[in-house]
Each structure stands twice: as structure tokens, then as C-alpha cells.
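# A structural walkthrough
Below, each chain spelled out in residue letters.
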Amino acid sequence: MADTQQLTGAEIIIKALLDQGVEVVFGYPGGAVLPIYDALFKQNRLRHILVRHEQGAVHAAEGYARSTGKPGVVLVTSGPGATNAVTGLTDALMDSIPVVCLTGQVATHMIGNDAFQEADTVGITRPCTKHNYLVKDINDLARVMHEAFYVATTGRPGPVLVDLPKDIQLAPGPYIAPGTVQHKSYRPAVKGDPRRIREAVDLMLHAKRPLFYTGGGVINSGVRASELLLELVRTTGFPITNTLLGLGAFPAGDRHFLGMLGMHGTYEANLAMHGCDVMINVGARFDDRITGRLDAFSPNSKKIHIDIDPSSINKSVRIDVPIIGDAATVLAEMLAVWKASTKRPEAKSLDAWWRQIDQWRARDCLRYKSDDKIIKPQYAIERLYQLTKDRDTYITTEVGQHQMWAAQFYKFEKPHRWMTSGGLGTMGYGLPAAMGVQIAHPESLVIDIAGEASILMNIQEMSTLAQYRLPVKVFIVNNQYMGMVRQWQELLHGGRYSESYMDSLPDFVRLAEAFGAVGLRATKPSEVDAVIKEMIATPKAVIVDVCVDPKENCFPMVPSGAAHNEMILGDEQGAGSQARVTDAGLALV
Amino acid sequence: MSNVQQHTIAVLVDNEAGVLARVIGLFSSRGYNIESLTVAAIDKANNLSRITVVTSGTPMVIEQIKAQLGRLVPVHKVSDLTIEGPHLERELALVKVAGLGDKRVEALRIADIFRARALDSTRESFVFEISGSTEKLDAFIGLMADLGMVDLSRTGVVAISRGVQGL
């Protein structure tokens with residue numbers, strides 16, 4: 001201990017962040033973090049981005065993390081600073097995003113006394129973080145800081161919170177460099193069981209109607225996992241579908257890709273899930289938006305599940321071959337075993353399966369009625385895709401119909417380009433997330449595909465865009481309704497549009513101008529291209545208000561409580577457009 | 001559900017602030033049952049505590065409970081004693097019985113049959129200590145209820161595997 005330097009707690013925190021390779025912190029100051037802000041002021045290596053609301057700080061950190069693969073870092077004060085961060089932390093937990101959140105806390109001797117701006121932060125955030133710490137001894141501080149990064153980024157990633165009492169920030173203590181501590185109990189698995197991998201490959205070699213079903217775990221595993229997945233899919237010749245969070249892990253333009261599956265997934269992806277005989281799940285978790293009615297979910301398949309989190313296995317769906325490990329490591333092993341085998345799946349069956357899939361594809365389930373007077377939301381996103389696909393583009397979304405249309409109509413070829421709130425479904429995610437992405441990729445085109453309702457939930461972050469001159473583009477698909485709520489009310493509640501229409505929306509063009517950004521509007525299909533081109537050409541933040549058909553619904557749709565083969569298609573497809581929702585389904589969200 | 005089973009699970013955890021809250025919070029937030037839960041420090045040098053939790057659920061739920069427990073950062077080991085071979089389960093109860101005359105004599109007689117010890121006695125009351133299986137305690141407590149039981153404190157189950165192997 002004699003040769004370790006003595007620093008103040010605040011200095012230890014900054015030094016630990018730098019040693020962890022952190023370049024940027026998203027935060028908002030307050031009484032209980034003033035010593036840390038003072039230490040920030042005295043250095044110039046760590047950049048701080050001042051958000052306008054703590055929820056925005058966490059979403060920005062999530063956007064930063066998802067687009068770089070590095071952990072996002074948040075710094076907020078005690079009490080309301082911490083409680084405002086809770087939605088973002090829950091979002092990061094649900095979507096397995098590595099975030100380290102530092103919160104100020106009242107001095108240790110004040111804890112439990114209902115002090116000013118005191119909240120039981122570790123108590124409140126225990127269920128919405130992967131792990132959290134309250135540092136009550138300065139000698140633990142450096143170790144806890146490094147451990148927080150280790151826990152957040154390894155295994156199944158997630159948010160980790162460190163609660164820092166003010167007296168600890170001021171106290172002198174020792175600094176320990178990272179890498180010198182080994183965790184006592186936390187040991188995430190990386191390598192899959194070789195016996196299980198052989199078993200899985202054997203199932204695949206005997207498959208007649210196989211299907212890859214892959215999720216965010218592939219993206220979290222790193223770019224290598226996506227490359228291996230592409231190689232495995234092309235080597236086997238099997239079809240593949242992605243979850244909402246898995247989009248981009250496999251190139252959408254590849255002929256093996258069936259599109260997204262689930263509630264608003266494609267006809268071919270959902271019917272392939274229903275009809276497959278061997279399912280290979282890589283890093284997805286059988287979310288209820290994916291499975292629909294569980295007892296009718298892919299009834300005739302043997303299921304292989306690769307996941308780094310043992311608790312994801314057999315949670316809701318019975319698995320035949322579980323493989324616990326990191327996606328890239330396991331995929332590499334699988335490829336090796338496949339290549340070493342002399343056996344190959346029966347070509348006749350595989351051809352028949354592809355012919356069946358091509359028939360489903362021919363339904364062209366995303367087709368919509370085009371119109372030359374009113375802008376269809378699908379058209380707006382299709383044009384956005386066409387005009388931005390050849391650029392260095394990152395897309396974030398808010399939550400609702402526009403999010404599903406973006407997932408359906410924006411085609412991702414690479415991982416880390418698509419940031420959306422999947423598990424928690426947080427309206428207000430997209431703008432701050434885009435901010436975080438733009439910080440990480442200052443030269444890239446970053447677009448938040450938004451709805452007019454969601455965007456108002458964190459609109460204050462426009463002010464942050466102005467402060468840091470971030471050229472984020474907000475592309476509002478404005479239908480004047482909380483569209484997804486309205487769609488459900490139409491299909492499930494007899495068209496009684498209870499509170500889903502927002503009167504008195506702001507003039508988004510003038511709102512943009514008030515924040516020092518540029519506002520643009522399109523009201524006719526003929527204006528869409530020009531507006532998008534102008535948006536791209538504008539070297540600063542832009543809000544584009546695209547006034548779309550307020551009545552358009554998002555199809556295909558597997559209603560709550562229905563099975564994949566009971567999907568509703570849009571009017572354009574004709575058949576089966578009548579919703580059949582059971583009472584049991586009505587109770588589901 | 002007909003295939004609901006009771007399992008006794010031993011969990012070795014870091015003896016640190018909040019660890020019990022993590023375990024209990026996990027059970028309540030995911031809707032798992034807790035039949036009983038005991039916790040105490042068992043290794044001061046390595047700062048470890050042992051939690052014994054008796055829970056019930058379908059095999060799929062039990063598997064989830066173990067996986068979820070294993071995922072908590074301060075958890076070192078999760079052991080399902082019910083499926084990992086023969087094990088012993090014991091519980092301890094303190095039972096206060098108040099009364100006079102025949103009932104008092106009867107209480108003492110039954111305590112003797114159950115090998116319960118009288119820890120405290122006044123002219124109008126006894127405090128018995130009894131240990132054994134949950135079923136034995138239930139039987140004893142059921143009898144005492146009719147004989148003037150006024151207070152009851154139970155520890156919940158502690159358990160350990162038979163044989164040479166440690167946790």
C-alpha cells in the first residue's frame with residue numbers, strides 16, 4: 001500500500017474512468033456530485049456532455065454503447081437525478097446494453113435521515129440494474145469502479161450503477177489500476193459445451209426445414225459474431241430471421257434473410273418459424289412479441305438455443321439443445337464441426353423448404369396502398385432508406401408504429417447501425433440515443449425516426465444538440481395519433497380512441513427553429529424526396545415533420561394471444577384482414 | 001398445476017449489504033414462492049453467508065429460480081439439495097403455551113413424547129424448544145394449539161447434504 005498514490009475520491013473516479021478507456025460522459029450536475037464535477041473541470045481528457053434531463057443521459061449512453069460496442073457512461077446527482085435515470089437503466093437492462101451509471105449520494109452519515117435530495121438509489125435501482133454498489137469506504141472505491149465496468153461489459157451486458165456519497169468523493173484514498181482485481185463470484189461463461197455443439201450440428205445436418213432465429217446477442221458479441229453468422233448461414237444454406245434488436249447482425253440484402261419476425265414481422269419469417277423442424281436461436285430470448293401464443297409457438301421444431309445467460313434458457317420455451325456461451329465463440333465452434341462432418345442435409349428437403357418460403361415471400365406482405373395525395377408512412381420511410389442507404393448512416397427510433405415501419409422498411413446491412421428500445425419500449429428513447437450516436441460518430445448521418453408523440457417525451461434534448469452543434473436529424477412520421485395505441489383500440493376496443501389523439505401539437509418547424517435547428521415539412525408525397533435531400537444537405541440539427549396518413553395501420557400483425565399462422569395482413573393483401581382476438585389475448589399487452 | 005414440486009436450495013453468497021434484498025427481490029419481482037428462507041454468516045474469514053430457501057414450482061420454474069439466483073453477482077454457488085442426492089433438513093421452533101390444570105399436564109406430556117425441551121417455565125406457562133423436520137414441528141404445533149399456545153417462533157428450514165461432499 002505504501003507506494004499507491006493518495007487521491008481524493010473524485011480524482012479516483014476520474015482516473016478510473018480514463019483508465020477504463022472512457023472518452024465521454026453524459027451527465028447533469030447537482031449538489032451531491034459537485035466534487036466530481038470539480039475534478040472534471042480540472043482535467044481535459046474526459047469529455048462531458050451536458051444533457052437536459054437525466055433520462056436523456058442514460059439513453060445517450062445507450063446510443064453511444066450500441067453504436068460503438070463500448071460501455072456508455074452516465075454521471076448524475078442524488079435523489080431526482082438518480083430517479084430520473086431509472087427509465088434509462090431499465091431500458092438498458094431489458095436490451096442488455098453496457099452502461100455504467102455514477103450517481104451522487106448524500107454523505108454517508110446522512111444516509112437514512114431523509115436528507116435533502118436523498119433517495120435510496122441502490123434500493124430503487126436494484127431490480128433495474130445488472131448490479132449496483134454503494135461505496136461507503138474510500139478504500140473500496142477504485143476496485144468498485146473497475147468492477148462496475150467488468151460486470152457491465154462481460155457476460156450478458158447490462159447497466160451497473162455506482163452510488164457515491166459526497167464525503168467519499170472528498171475523502172483521500174488509494175488508487176488501484178484496473179486489471180489487478182479478480183472477481184470473487186462473478187464468472188460469465190464464454191465457451192459452449194463441445195458435446196452440446198456437436199449435438200446441435202448433428203440436428204442441423206439432419207434438418208429438413210431449418211431456420212436461424214437470431215437476436216441482439218449476436219450484436220453484443222461483437223462484429224466477429226456477425227461475420228461468423230454470415231459464414232454459417234451461407235455454408236449451411238439455411239434461411240434466417242432476426243428479432244427487432246438483432247437487425248443488422250445479418251445483411252438484409254442477402255437472399256437467406258426473411259426479414260424480422262414477431263408481432264409485426266414478415267409473413268415468411270413467422271410462417272417459417274411456425275413450420276420449421278430445427279430452430280437455431282442465437283442470442284435471442286423468445287420474447288412474447290416474438291413467440292405469440294406460447295402453446296402454438298413453432299410446434300414441430302427441435303430447438304437449439306445459444307445464449308450467454310443461463311436464465312434465458314428454458315424461461316418460456318422448452319429447449320432441446322441448450323448451449324451456454326458467447327455467440328462468436330460458439331458460432332466458430334459450430335462452423336468447425338459442420339465443416340469437419342462429411343454428412344450434409346438432404347438437398348431435396350432443403351430445396352422444398354426454400355420453395356415453400358419463396359411462396360410465402362411472394363405474398364409481399366409489406367406491400368401497402370400507395371397514394372399520390374397523402375403520404376403513406378411506409379412510403380416516407382422507404383424513401384428515407386433509398387436516399388440514405390449509400391451513406392454512412394445510423395438509425396435510432398422512438399416507440400410505436402413508426403418504429404415497426406422503420407424495422408420493416410429500413411434494411412440494415414451491418415451491425416451497430418440500428419438503435420431502438422425493444423424490451424422496455426421506451427417512448428422518448430430515440431432523440432437522446434441519436435445524440436449519443438452522433439457524439440461517437442461525429443461525421444456520420446444520424447437519424448432519429450420518430451413519432452410526433454414520442455418525440456415530445458424528450459424534446460428538451462434539442463437544446464443539447466444545439467450546445468454541442470450535433471447535426472442529428474429527427475424524422476417525424478406525424479400521424480397526429482399515438483398510432484400504435486390507436487391501432488390496438490381500432491382492432492381490440494371497437495374503435496373507441498380513448499385519449500390516443502393529441503390535440504394542440506406544436507408546430508415542429510418553428511419548434512426546431514426555437515432550438516436553433518432547421519425545421520422542414522412535407523405534406524404531399526411529391527415533397528418527400530426534396531425534404532429528405534434538404535435534410536441530408538443541412539449541416540446542423542434538423543426536424544423534418546412528415547405529415548402522413550393518420551389512419552394507416554402497421555401490418556402484418558400477430559395479435560396478442562394468437563399464433564404465428566394466425567397473422568393479420570394489411571388490406572392490400574385482401575385475405576385475413578379481420579382481427580380475431582380472443583378474450584385471453586385481450587388481457588395480454 | 002399438478003407438477004408443482006417443493007425444492008430446498010442452498011445459496012452461498014458474499015456477506016455484504018443488500019445481498020438478502022437481491023435474493024428476496026428476485027423472488028418477489030418474478031413471482032416465485034418462498035416457503036421459508038433462512039440466512040446467517042457461516043465463514044467470517046471469507047465473508048460468506050449461506051441462504052437456505054424452500055420454494056415450490058414446476059420443474060421449469062425451479063430451473064429458472066436456480067439460473068436467476070446464479071446470475072446475481074454476489075452469489076458464489078447455488079445448490080438444489082432436493083435433486084442433488086440425499087440431504088437432511090431441520091427446523092427449530094420456540095412454542096409458548098399458557099394454561100393451568102389438565103391442559104398444562106397434557107402439554108408437558110406431549111412435549112416429552114416429541115422430545116421438546118422446556119426452556120422456560122412459570123406457574124402458568126412453558127416455552128418449549130423443538131427441532132426436527134417441518135412435518136414433526138407442524139404436528140407438535142398442531143397439538144399445542146389446542147393446549148393454550150399463545151406464541152410461536154420458527155426458524156425455517158436449514159439443510160445440508162449427506163456424505164463427505166461440501167457445498
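The rules behind each value
- Residues numbered from 1 in each chain as written.
- Chains lettered and ligands numbered in written order.
- Predicted model: local features only at pLDDT ≥ 70, side-chain atom pairs only at ≥ 80, totals over all residues.
- Helix = DSSP H or I, 4+ residues; strand = E, 2+ residues; numbered from the N terminus.
- Rg over C-alpha atoms; globule rule 2.2 N^0.38 Å.
- Buried ≥ 20, exposed ≤ 12 C-beta atoms within 10 Å, placed from the backbone.
- Contact = placed C-beta atoms within 7 Å.
- Pairing = 2+ DSSP bridges.
- Axes fitted to C-alpha atoms, helices over the stretch in contact; angles between N-to-C directions.
- Parallel < 35°, antiparallel > 145°, perpendicular 65-115°, else oblique.
- Left-handed = near helix turned anticlockwise from the far one by under 90°.
- Nonpolar A, V, L, I, M, F, W, Y, C, P; charged D, E, K, R; others polar.
- Core = buried A, V, L, I, M, F, W, Y, C linked by C-beta atoms within 7 Å.
- Right-handed = clockwise from strand over helix to strand, strands pointing away.

### Points about the overall build of chain A
Secondary structure summary: chain A contains 22 helices and 20 strands in total. Compactness check: chain A gives a C-alpha radius of gyration of 25 Å against a globular reference of 25 Å for 589 residues, within 12% of the reference. Principal-axis analysis of the C-alpha atoms places the extent of chain A at approximately 75 × 60 × 45 Å. Taken across its 589 residues, chain A has 56% of its residues classed as buried. A sequence separation of at least 24 residues applies to 77% of the contacts in chain A between residues at least 6 apart.

### Quick word on the overall build of chain B
Counting secondary structure elements, chain B contains 4 helices and 9 strands. Overall, chain B shows an N-to-C arrangement of helices and strands of β-α-β-β-α-β-β-α-β-β-α-β-β. Each principal axis of the C-alpha atoms in chain B carries an extent, and together these give about 55 × 45 × 35 Å. Counting every position in chain B, which comprises 167 residues, the buried fraction comes to 25%. Sequence-distant contacts, at least 24 apart, represent 74% of the contacts inside chain B between residues at least 6 apart.

### Some remarks on the sheet that holds strand 7 (residues 159-165) of chain A
Residues and elements named next belong to chain A. Spatially, 6 strands are ordered 3-2-4-5-7-6 in an open sheet, and the strand pairing comes out parallel. Two strands in the sheet have a free side with no partner beyond their single neighbour: strand 3 (47-50) and strand 6 (131-134). Across the sheet, the axes of successive neighbouring strands diverge by a mean angle of 20 degrees, strand direction being ignored. Direction of pairing for strand 2 (residues 24-27) relative to strand 4 (residues 72-76): parallel, over a ladder of 2 bridges. From the neighbouring strand, Phe 26 faces strand 4, where its bridge partner is Val 74. Against the sheet, helix 6 (residues 141-153) touches strand 5 (99-105), strand 6 and strand 7, its axis set at about 165 degrees to strand 7.

### Digging into the sheet that holds strand 14 (residues 321-324) of chain A
All names here are of chain A. Taking strand neighbours across the sheet as the criterion, the 6 strands line up as 11-10-9-12-13-14 in an open arrangement whose pairing is parallel. One side of each edge strand has no neighbouring strand; the edge strands of this open sheet are strand 11 (257-260) and strand 14. Here the average twist between neighbouring strands, direction ignored, is 15 degrees. One ladder, built from 5 bridges, connects strand 9 (residues 210-214) with strand 12 (residues 278-282); its direction is parallel. When the sheet's bridge partners are listed, Leu 211 is paired in strand 12 with Met 279. Packed onto the sheet, helix 11 (residues 267-275) meets strand 9, strand 10 (240-242) and strand 11 and runs at close to 105 degrees relative to strand 11.

### A few points about unusual backbone geometry
All names here are of chain A. Residues Phe 555 and Pro 556 are joined by a peptide bond in cis, for which omega reads -5 degrees. Tracing the backbone through its elements, the reader meets Pro 556 in the loop between strand 20 (542-547) and helix 22 (583-587). Phi is positive for Ser 96, close to 55 degrees, though the residue is something other than glycine. One can find Ser 96 in the loop between helix 4 (80-94) and strand 5.

### Quick word on the environment of Gly 123 of chain A
Checked against the element boundaries, Gly 123 of chain A lands in helix 5 (residues 121-125). Along the primary structure Gly 123 of chain A and Leu 134 of chain A are separated by 11 residues, whereas in three dimensions their C-alpha atoms are 9.9 Å apart.

### Some remarks on the environment of Ala 152 of chain A
Residue and element names in this part refer to chain A. On the secondary structure map, Ala 152 appears in helix 6. A C-alpha to C-alpha distance of 5.0 Å links Ala 152 and Pro 98, two positions 54 residues apart in sequence. Apart from residues lying up to four places away in sequence, Ala 152 is in contact with Pro 71, Pro 98, Val 99, Val 100, Lys 130, Pro 157, Gly 158, Pro 159 and Val 160.

### Quick word on the environment of Val 97 of chain B
Residues and elements named next belong to chain B. Secondary-structure assignment places Val 97 in strand 5 (residues 87-98). C-alpha of Val 97 to C-alpha of Leu 108: the two residues are 11 residues apart in sequence and 9.8 Å apart in space. In contact with Val 97, not counting residues within four places along its chain, are Ala 107, Ser 125, Phe 126, Met 144, Leu 147, Gly 148, Met 149 and Val 150.

### Details of the pairing of strand 6 of chain A
Each regular strand carries side chains that alternate between the two faces of the sheet. Residue and element names in this part refer to chain A. Here strand 6 shows a buried face lined by His 131 and Tyr 133 and a second buried face lined by Asn 132 and Leu 134. Direction of pairing for strand 6 relative to strand 7: parallel, over a ladder of 4 bridges. Bridge assignment links His 131 to a residue of strand 7, and that residue is Val 160.

### With respect to the packing of helix 15 (residues 377-388) of chain A against helix 16 (residues 401-409) of chain A
Residue and element names in this part refer to chain A. At a minimum axis separation of 9 Å, helix 15 and helix 16 run at an interaxial angle of 45 degrees. The orientation of helix 15 relative to helix 16 falls into the category oblique. When you trace helix 15 past helix 16, the crossing you get is right-handed. Together, Pro 377, Gln 378, Ile 381, Glu 382 and Tyr 385 of helix 15 and Gln 401, His 402, Trp 405, Ala 406 and Phe 409 of helix 16 make up the contact between the two elements. Its residues assigned to classes, the contact of helix 15 with helix 16 shows 6 nonpolar, 3 polar and 1 charged.

### Section: the nonpolar core
Counting residues in hydrophobic clusters, the biggest one holds 206 residues, and the most contacted among them are Val 74 and Val 546 of chain A. What Val 546 of chain A contacts, discounting residues up to four positions off in sequence, is Ile 375, Ala 380, Phe 475, Ile 476, Val 477, Asn 478, Ala 522 and Val 528 of chain A. Counting residues in each nonpolar core, the second largest holds 13 residues, with Ala 107, Phe 128, Ile 130 and Phe 140 of chain B among its members.

### Quick look at the interface of chain A and chain B
The interface is formed by 13 residues belonging to chain A together with 17 residues belonging to chain B. Considering only residue class, the side of chain A that touches chain B consists of 5 nonpolar, 4 polar and 4 charged.

### Overview of the packing of helix 1 (residues 9-19) of chain A against helix 6 of chain A
All names here are of chain A. At a minimum axis separation of 10 Å, helix 1 and helix 6 run at an interaxial angle of 30 degrees. One finds that helix 1 runs roughly parallel with respect to helix 6. You can see that helix 1 and helix 6 cross each other, and the crossing is right-handed. Together, Gly 9, Ile 12, Ile 13 and Ala 16 of helix 1 and Leu 141, Ala 142, Met 145 and His 146 of helix 6 make up the contact between the two elements. By residue class, the composition of the contact of helix 1 with helix 6 is 6 nonpolar, 2 polar and no charged.

### Structural notes on the pairing of strand 5 of chain A
Residue and element names in this part refer to chain A. Taking burial as the measure, the 7 residues of strand 5 include 7 buried ones, the bulk of the element. Along strand 5, one buried face is formed by Val 99, Cys 101, Thr 103 and Gln 105 and the opposite face, lined by Val 100, Leu 102 and Gly 104, is buried too. For strand 4 and strand 5, the ladder comprises 5 bridges, and the chain directions are parallel. Looking at the pairing, Val 73 lines up with Val 100 of strand 5. Between the parallel pair strand 4 and strand 5, the chain is carried across by helix 4, and the sense of this crossover is right-handed.

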